[in-house]
Amino acid sequence: MTAAPYVAKGINFDSLVVEDAAQGLFRVHRRSLADADIFALEKRRIFDRCWIYAGHDSEVPAPGDFRTRSVAGRPVILCRDDGGLVRVLLNSCRHRGAQVCTEAKGNARAFQCYYHGWTYNNRGALIGVPDPSSYSPAFDRAKLALRSPPRTDSYRGFIFVSFDPKVTSLRDYLAGAAEYLDIIADHCEAGMEVLPGSHSYCIRSNWKLLMENAVDDFHVMTTHHRFLQYLQDSNQLDPESPRGLVGVARDLGNGHAVVERKAPWARPIAKWSPIFGDERRAEFEHRQSEFEQRLGKERGYRLTQLNRNLIIFPNLMVNDIMGVIIRSCYPTRPDFMEVDAWCLAPRGERRDDRKTRLENFISFLGPAGFANPDDAEALESVQRALGTSGEVEWSDMSRGMAKSEPAATDELQLRAFWRQWRRLMSLPSGDELALSGLPAHAAV
Ligand code: FES
Ligand code: FE
């Protein structure tokens, strides 16, 4: 596919993400992290056309269960209807627009808008309006159901929506990332479940800096040295594991990327560490052999012994580390994002392993944990320093370009993200094309 000769607001995205494969150099112009026009285009060209994570099907296990949240700037109701189908409904009344559900979660057969009382069932159909005789015969309730995003689909329990009706299938969109969602879903034959409670916080930086950070192993030993020291002091590091992060980075297609590596901390799956106690060593080894029997030796080894940080373009992060953490971010300004994080766990997990998992969720990635605030400070530091972008224009992401197999501590994974950002930002969206009169592109 070639980009149309269409440069919105004078922005040529090829000049903002520049790579020279022969020289092994890759750089990103810092305007892409602060510019209001670029931010406005990102909403159309990225968030309105990609598949966006909306939730996990375990969050609405029973008919009538619902959760409300914001997805790509839209308030939505994630619910399971009375027939057992998971739906994503746009949380805006067809009367005059109020949110028809204002609870964070619950179980309901119907949602009644508190403004004037229009009522919808959990399939979204409009089932009641006060004083229906006040409407003319042309008033058609069947045409006034709650709207849904044009596309909703799920993969291994991960539910996504797209606001582009022509978007490619979710499976094709996920490309190589699907295998990593498989590994995470395969942690438990009985299935994985999102645990009650979540973290919601804000970071005063551009959203793309967090996507970079989520797969940036280069920063771990410096930014998080205090956290690593804490793990060592509290006997949570495996003395047989290497101290650093030893592994690889992969470009998974469509802007998705992963780092997969050994890490020295405890995982409450099947990798024993001193914190679990000598008496459980044989149990962990038995679990590992069970995984290898079920999934094959190579996948079983990867699942139990390696850690993964996965990004699914544009804004989903899944860490399969000392627990499984799902995070999504959404920008409300070029220099501000909202972040949500959930803890994913095997159904029926041992009570003490669940406790370890939850403690890791809070102590590492919690908004007041030992590591996440360090990341937030680094990102906000970058954002504050963008005041110099007139003089210091470029960020460098060349690390590992000369290697045939870049390491997890290189920057191949960041380049994969930024290449897709450049590609999508260079493609005008359908409504922009309609205004410009240029021919439409194939769907993303
Ligand atoms: Fe919902 Fe009026 S806005 S009933
Ligand atoms: Fe970090």
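Keep in mind that this is a model prediction, so the values were computed, not measured.

Each value, and the rule that gives it
- Residues numbered from 1 in each chain as written.
- Chains lettered and ligands numbered in written order.
- Predicted model: local features only at pLDDT ≥ 70, side-chain atom pairs only at ≥ 80, totals over all residues.
- Heavy atoms only, no water.
- Pairing = 2+ DSSP bridges.
- Helix = DSSP H or I, 4+ residues; strand = E, 2+ residues; numbered from the N terminus.
- Axes fitted to C-alpha atoms, helices over the stretch in contact; angles between N-to-C directions.
- Buried < 20%, exposed > 50% of the residue type's maximum accessible area, 1.4 Å probe, protein only.
- Contact = heavy atoms within 4.5 Å.
- Phe/Tyr/Trp six-rings, centres within 6.5 Å; stacked < 30°, edge-to-face > 60°.
- Lys NZ or Arg CZ within 6 Å of the ring centre and 35° of its normal.
- Donors = N, O, S within 2.8 Å, 3.2 Å for Na, K, Ca; no water.
- Tetrahedral: all angles 85-135°; square planar, octahedral: opposite > 155°, others 65-115°.
- Salt bridge = Lys/Arg side-chain N within 4 Å of Asp/Glu carboxyl O.
- Core = buried A, V, L, I, M, F, W, Y, C linked by side-chain atoms within 4.5 Å.
- Parallel < 35°, antiparallel > 145°, perpendicular 65-115°, else oblique.
- Nonpolar A, V, L, I, M, F, W, Y, C, P; charged D, E, K, R; others polar.

Peer 1: I'm lost on the sheet that holds strand S3 (residues 51–56) in this one. Help?
Peer 2: To summarise the sheet geometry, strands pair through backbone hydrogen bonds and adopt either a parallel or an antiparallel arrangement. Here we have 3 strands laid out as an open sheet, ordered S3-S12-S11, and antiparallel in their pairing. A single partner strand is all that each edge strand has here, and the edge strands are S3 and strand S11 (151–155). Going across the sheet, the axis of each strand differs from the next one's by a mean of 30°, ignoring polarity. Here S11 pairs with strand S12 (residues 158–162) via 5 bridges, running antiparallel. Bridge pairing in S12 links Asp153 to Phe160.

Peer 1: Would you explain helix H8 (residues 297–305) in this entry?
Peer 2: Spacing of three or four residues puts side chains on the same side of an α-helix, whose turn is 3.6 residues. Regarding H8, the residues found buried are Gly300, Arg302, Leu303, Thr304 and Gln305. Turning to H8, the residues buried within the fold contact helix H3 (177–185), strand S16 (256–262), helix H7 (281–295) and strand S17 (307–312).

Peer 1: Looking at this structure, I do not really get the packing of aromatic side chains. What am I missing?
Peer 2: What characterises a pair of aromatic rings is the spacing of the ring centres plus the angle enclosed by the ring planes. Enumeration according to the criterion identifies 19 aromatic pairs in this entry. When the centroid spacing of 5.8 Å and the interplanar angle of 75° are considered together, the rings of Tyr53 and Phe160 count as edge-to-face. Of this pair, Tyr53 sits in strand S3 while Phe160 sits in strand S12; the two residues are 107 residues apart in sequence, bridging distant segments of the chain. Each of the two residues, Tyr53 as well as Phe160, counts as buried. Clustering of aromatic rings is evident, with ring pairs tying together Phe13, Phe47, Trp207, Phe313, Tyr330, Phe417, Trp418 and Trp421. We note Arg27 situated over the ring of Trp394; from NZ or CZ to the ring centre the distance is 4.0 Å.

Peer 1: Looking at this model, I keep getting lost on the coordination of the iron ion (ligand 2). Mind explaining?
Peer 2: Think of it this way: four donors in a tetrahedron around the metal ideally sit 109.5 degrees apart, and six in an octahedron ideally sit 90 or 180 degrees apart. Within the protein, the iron ion (ligand 2) binds to His219 (NE2), His224 (NE2), Asp375 (OD) and Asp375 (OD); these donor distances fall in the range 2.0 to 2.3 Å. The coordination sphere of the iron ion (ligand 2) comprises 4 donor atoms, whose angles at the metal cover 58 to 144°; the geometry is irregular. Mapping the donors of the iron ion (ligand 2) onto the primary sequence yields the spacing H-x4-H-x150-D. Taken as a pair, His219 in the loop between helix H4 (207–214) and helix H5 (220–223) and Asp375 in helix H10 (residues 372–385) lie far apart in primary sequence, 156 residues in all. Asp375 matches His219 in its accessibility class, with the two residues each being buried.

Peer 1: Can you help me understand the environment of Gly24 in this one?
Peer 2: Along the polypeptide, Gly24 turns up in the loop between strand S1 (17–20) and strand S2 (25–29). Separated by 375 residues in the primary sequence, Gly24 and Arg399 place their C-alpha atoms 8.5 Å from one another. Not counting the four nearest positions on each side in its chain, Gly24 is found in contact with Ser398 and Met401.

Peer 1: Even after reading the chapter, I still don't get the pattern of salt bridges, so can you show me in this structure?
Peer 2: Oppositely charged side chains can pair when the atoms bearing their charge come close. Within this structure, the stated rule accounts for 38 salt bridges. Here Arg350 and Glu283 are joined by a salt bridge, their closest N and O atoms 3.2 Å apart. In this pair, Arg350 is assigned in the loop between strand S20 (336–346) and helix H9 (351–363) and Glu283 in helix H7, connecting sequence segments 67 residues apart. When its relative accessible area of 37% is taken as the criterion, Arg350 is described as partly exposed. Counted as one network, the salt bridges with shared partners bring together Glu179, Arg250, Glu260, Arg267, Glu298, Arg302, Arg308 and Asp320.

Peer 1: Which parts of the structure should I look at to understand the nonpolar core?
Peer 2: Soluble globular proteins tend to pack their nonpolar side chains together in the buried interior. In this structure, Ile46, Phe160, Trp207, Leu310, Trp418 and Trp421 are the most contacted members of the largest nonpolar core, which totals 88 residues. For Phe160, the contacting residues outside a window of four places in its chain are Trp51, Ile52, Tyr53, Ala54, Arg151, Thr152, Asp153, Leu170, Leu174, Ile312 and Leu316.

Peer 1: What is the right way to look at the packing of helix H1 (residues 36–47) against helix H11 (residues 412–425) in this model?
Peer 2: Axes are the key here: two packed helices are described by the angle between their axes and the distance separating the axes. Contact geometry of H1 with H11 gives a least axis separation of 9 Å together with a crossing angle of 85°. The pairing of H1 with H11 is recorded here as roughly perpendicular in orientation. On the side of H1, the interface is formed by Ile38, Leu41, Glu42, Arg45 and Ile46, while H11 contributes Trp421, Leu424 and Met425. By residue class, the composition of the contact of H1 with H11 is 6 nonpolar, no polar and 2 charged.

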